[in-house]
Amino acid sequence: MDQRKGPVQFLIVWFMEKLTNSYDEFLLRLPFAILGVLVVFAFYYFLRYVLALGFLASFLGAILMSLNGIYIAFSRTAQYQMAYVLFGLLFLIFTFYFIKNFSMGRQKIYLGLLSIITLSLSFLSHYDAIFFLIPALYLFKNDWKKLLPIILISGVLAGSFYALNIYFGFFEKNTIGYLEKRISGEGYENQK
């Protein structure tokens, strides 16, 4: 609760520690490497089917992403980045099919639930998931009324963690200064 981010990273590490009964560095990092690989496939799918780019453009986009040093580095560490990116991309994909699917059957309900769950998990990985709302609002600007319930329900689900974080004072103690520094940029200019 006293971290600057959501619990997903810690739950993955805890699960791996309990599953393997060890603190083996390779095994603790393995789920994050798998998430990093899945991000590349999700990004390809997003480019190919949501943005409707051709095969070559989508394939090259995925290749460029997979060769990006930042994503390689984050895929090698036991940190939240790949979790929130994967869940954010899945949110965009599921929401696309939820909004563009004209039927009202079970499939539509499942797509709506998957949209809510993946957005919530993205926020529970890190609050930077808010940046997935920008492309969502752009992609679905004509259908914002269908998008709003997904965002609100996800906000309530993920917000329950952050509300406890704020209530017990961890947010004020550990996060406000960090956010102020990120927004203002103060303190970063002197770092080398």
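Quick notes on the rules
- Residues numbered from 1 in each chain as written.
- Predicted model: local features only at pLDDT ≥ 70, side-chain atom pairs only at ≥ 80, totals over all residues.
- Heavy atoms only, no water.
- Core = buried A, V, L, I, M, F, W, Y, C linked by side-chain atoms within 4.5 Å.
- Buried < 20%, exposed > 50% of the residue type's maximum accessible area, 1.4 Å probe, protein only.
- Helix = DSSP H or I, 4+ residues; strand = E, 2+ residues; numbered from the N terminus.
- Contact = heavy atoms within 4.5 Å.
- Patch = residues over 30% accessible without salt bridge, like charges linked within 9 Å, V, L, I, M, F, W, Y side chains within 5 Å.
- Areas by Shrake-Rupley, 256 points an atom, 1.4 Å probe, with all protein chains shown as cover.
- Salt bridge = Lys/Arg side-chain N within 4 Å of Asp/Glu carboxyl O.
- Axes fitted to C-alpha atoms, helices over the stretch in contact; angles between N-to-C directions.
- Parallel < 35°, antiparallel > 145°, perpendicular 65-115°, else oblique.
- Left-handed = near helix turned anticlockwise from the far one by under 90°.
- Nonpolar A, V, L, I, M, F, W, Y, C, P; charged D, E, K, R; others polar.
- Phe/Tyr/Trp six-rings, centres within 6.5 Å; stacked < 30°, edge-to-face > 60°.
- pLDDT = per-residue confidence, 0-100.
- Expected span 1.5 Å × (residues − 1).
- Arc of directions from axis to C-beta.

1. What about the nonpolar core?
Counting residues in hydrophobic clusters, the biggest one holds 41 residues, and the most contacted among them are Leu35, Val39, Phe46, Leu89, Phe91, Phe132 and Leu147. If you list the elements that add at least two residues to this core, you get helix 1 (8-20), helix 2 (25-50), helix 5 (81-100), helix 6 (106-125), helix 7 (133-139) and helix 8 (144-167). Ranked by the residues each element gives to this core, the list is headed by helix 5, at 13 residues. Ignoring sequence-local partners within four residues, the contact set of Phe91 consists of Ser115, Thr118, Leu119, Phe132, Leu133, Ala136, Leu147 and Ile150.

2. What about a nonpolar patch on the surface?
Among the surface-exposed residues, Phe26, Leu30, Ile34, Val37, Leu38 and Phe41 lie close enough to one another that they form a single nonpolar patch of about 580 Å² accessible area. Within the element layout of this structure, Phe41 appears in helix 2.

3. Let's talk about the packing of helix 1 against helix 2
Axis separation between helix 1 and helix 2 bottoms out at 8 Å; the angle between their running directions is 130°. Taken together, helix 1 and helix 2 sit at an angle that is classed as oblique. As for how helix 1 packs across helix 2, the hand of that crossing is right-handed. Between helix 1, through Gln9, Ile12, Val13, Met16, Glu17 and Thr20, and helix 2, the contact on the second element is made entirely by Leu27, Leu28, Pro31, Phe32 and Leu35. Partitioning the contact of helix 1 with helix 2 into residue classes produces 8 nonpolar, 2 polar and 1 charged.

4. Section: the packing of aromatic side chains
Applying the stated criterion across every chain yields a total of 7 aromatic pairs. Note on Tyr44 and Phe55: the rings are 6.3 Å apart at their centroids and 75° apart in plane angle, and the pair reads as edge-to-face. Of this pair, Tyr44 sits in helix 2 while Phe55 sits in helix 3 (residues 55-67), and the two are 11 residues apart along the sequence. Phe55 sits in the partly exposed class, given a relative accessible area of 46%. With a centroid separation of 6.4 Å and an interplanar angle of 55°, the aromatic rings of Tyr45 and Tyr97 are classed as tilted.

5. Topic: the side chain of Ser115
Along the polypeptide, Ser115 turns up in helix 6. A relative accessible area of 0% means that Ser115 is categorised as buried. Ignoring any residue separated from it by four or fewer positions in sequence, one finds Ser115 in contact with Phe91, Phe94, Thr95, Phe98, Ile150 and Ser154.

6. What about the confidence of the model for the protein chain?
Mean pLDDT over the protein chain stands at 88; residues scoring 70 or higher make up 87%. Highest mean pLDDT in the protein chain belongs to helix 3 (97); lowest belongs to helix 9 (residues 170-184) (68).

7. Things to note about helix 5
Note on helix geometry: an α-helix contains 3.6 residues per turn, so any two residues three or four positions apart are oriented the same way. Between the first and last C-alpha of helix 5 there are 29 Å, a value that for 20 residues agrees with the 28 Å anticipated at 1.5 Å per step. Among the 20 residues of helix 5, 16 are classified as buried, and the element is accordingly described as predominantly covered.

8. Focus on the packing of helix 5 against helix 6
In the contact formed by helix 5 and helix 6, the axes pass within 8 Å of each other and the chain directions differ by 155°. In terms of their interaxial angle, helix 5 and helix 6 are classed as roughly antiparallel. Helix 6 is crossed by helix 5, and the crossing has left-handed handedness. Within the contact between the two elements, helix 5 uses Ala83, Tyr84, Phe87, Gly88, Leu90, Phe91, Phe94, Thr95, Tyr97, Phe98 and Ile99 and helix 6 uses Lys108, Leu111, Gly112, Leu114, Ser115, Thr118, Leu119, Leu121, Ser122 and Ser125. For the contact of helix 5 with helix 6, the per-class residue count stands at 13 nonpolar, 7 polar and 1 charged.

9. Focus: helix 3
Between its terminal C-alpha atoms helix 3 stretches 18 Å, which fits the 18 Å expected from 13 residues at 1.5 Å a residue. Restricting attention to buried positions, one finds in helix 3 the residues Ser58, Gly61, Ala62 and Met65. Looking down the long axis of helix 3, one finds its buried residues gathered within 95° of arc, a one-sided arrangement. Of the exposed residues in helix 3, the ones pointing more than 90 degrees away from its buried face are Leu56, Leu64 and Leu67.

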